[in-house]
Amino acid sequence: MALEAWLMDDSNEDQRLPHHRNPKELLTMDYLAELGVLYWKLNPENYENDSELAKIRDERGYDYMDLLDMCPEKVSNYEEKLKNFFTEHIHKDEEIRYCLAGSGYFDVRDKDDRWVRISMKPGDLIVLPAGIYHRFSTPATTSS
């Protein structure tokens, strides 16, 4: 299954809800590519020995990796950290995220300053370009 992305509504409800517009406005991979968001679908069960992941890392010059279990059972001060991750921010370098288990939402601002929500599931690897405003949240139901 391909990555799902949509334009978000303007609701101030819980950040962990999907925030679809009514009607839903799903976006294409081409739309994400126009924003500079790159995507690969990989095998999360074999990430340590995945030749495709190794090729991506080599071609893009990635030499660092850290793992984060973003779930209440494994992260101290989970709610506080989740609020920090949901604060809009920007980086001077690319941000690379690979979902090995569970799920998460990456929100990015499009060229019209609208929030685009990207729903990540196991095996989804995205690269957010340098200079794009973004934030992160987990869905309302998250399991480790």
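As shown above, the structure is provided for reference.
Residues numbered from 1 in each chain as written. Predicted model: local features only at pLDDT ≥ 70, side-chain atom pairs only at ≥ 80, totals over all residues. Heavy atoms only, no water.

S.K.: Tell me about the sheet that holds strand 7 (residues 134-137), residues and numbers included.
M.R.: Read across the sheet, 4 strands follow the order 1-5-4-7 without closing on themselves; strand pairing throughout is antiparallel. At either margin of the open sheet sits one strand with a lone partner, and together these are strand 1 (4-7) and strand 7. Strand-to-strand twist of the sheet, defined as the mean angle between neighbouring strand axes without regard to direction, takes the value 20°. In this sheet, strand 5 (residues 115-120) lies alongside strand 1 in antiparallel orientation, the contact comprising 4 bridges. (Pairing = 2+ DSSP bridges. Helix = DSSP H or I, 4+ residues; strand = E, 2+ residues; numbered from the N terminus. Axes fitted to C-alpha atoms, helices over the stretch in contact; angles between N-to-C directions.)

S.K.: I'd like a description of the sheet that holds strand 3 (residues 95-98), backed by residues and values.
M.R.: Spatially, 2-6-3 is the arrangement adopted by the 3 strands of the open sheet, whose pairing is antiparallel. Edge positions in the sheet fall to strand 2 (38-41) and strand 3, since each of these pairs with one other strand and no more. Each strand of the sheet is rotated relative to its neighbour by a mean of 10°, with strand direction disregarded. Of the strand pairs in this sheet, strand 2 and strand 6 (residues 124-128) are connected by 4 bridges, and their pairing is antiparallel. Considered in strand 6, the bridge of leucine 38 is made with valine 127.

S.K.: Give a description of the pattern of salt bridges that names residues and reports values.
M.R.: Side-chain pairs of opposite charge can arise whenever the charged atoms involved come near each other. One pass over the full model with this rule turns up 13 salt bridges. For arginine 117, the salt bridge is made with aspartate 107, and the minimal N-O distance between the two is 2.7 Å. Here arginine 117 is found in strand 5, whereas its partner aspartate 107 is found in strand 4 (residues 104-109), with 10 residues between them in sequence. On the basis of relative accessible area, aspartate 107 is assigned to the buried category, the value being 0%. A salt bridge links aspartate 113 to arginine 109, with the nearest nitrogen and oxygen atoms 3.5 Å apart. Residue classification places aspartate 113 among the exposed positions, given a relative accessible area of 52%. Via salt bridges that share partners, Asp14, Arg16 and Glu79 belong to a single interconnected network. (Salt bridge = Lys/Arg side-chain N within 4 Å of Asp/Glu carboxyl O. Buried < 20%, exposed > 50% of the residue type's maximum accessible area, 1.4 Å probe, protein only.)

Honestly, that's just the spatial picture; any functional story needs more than this.
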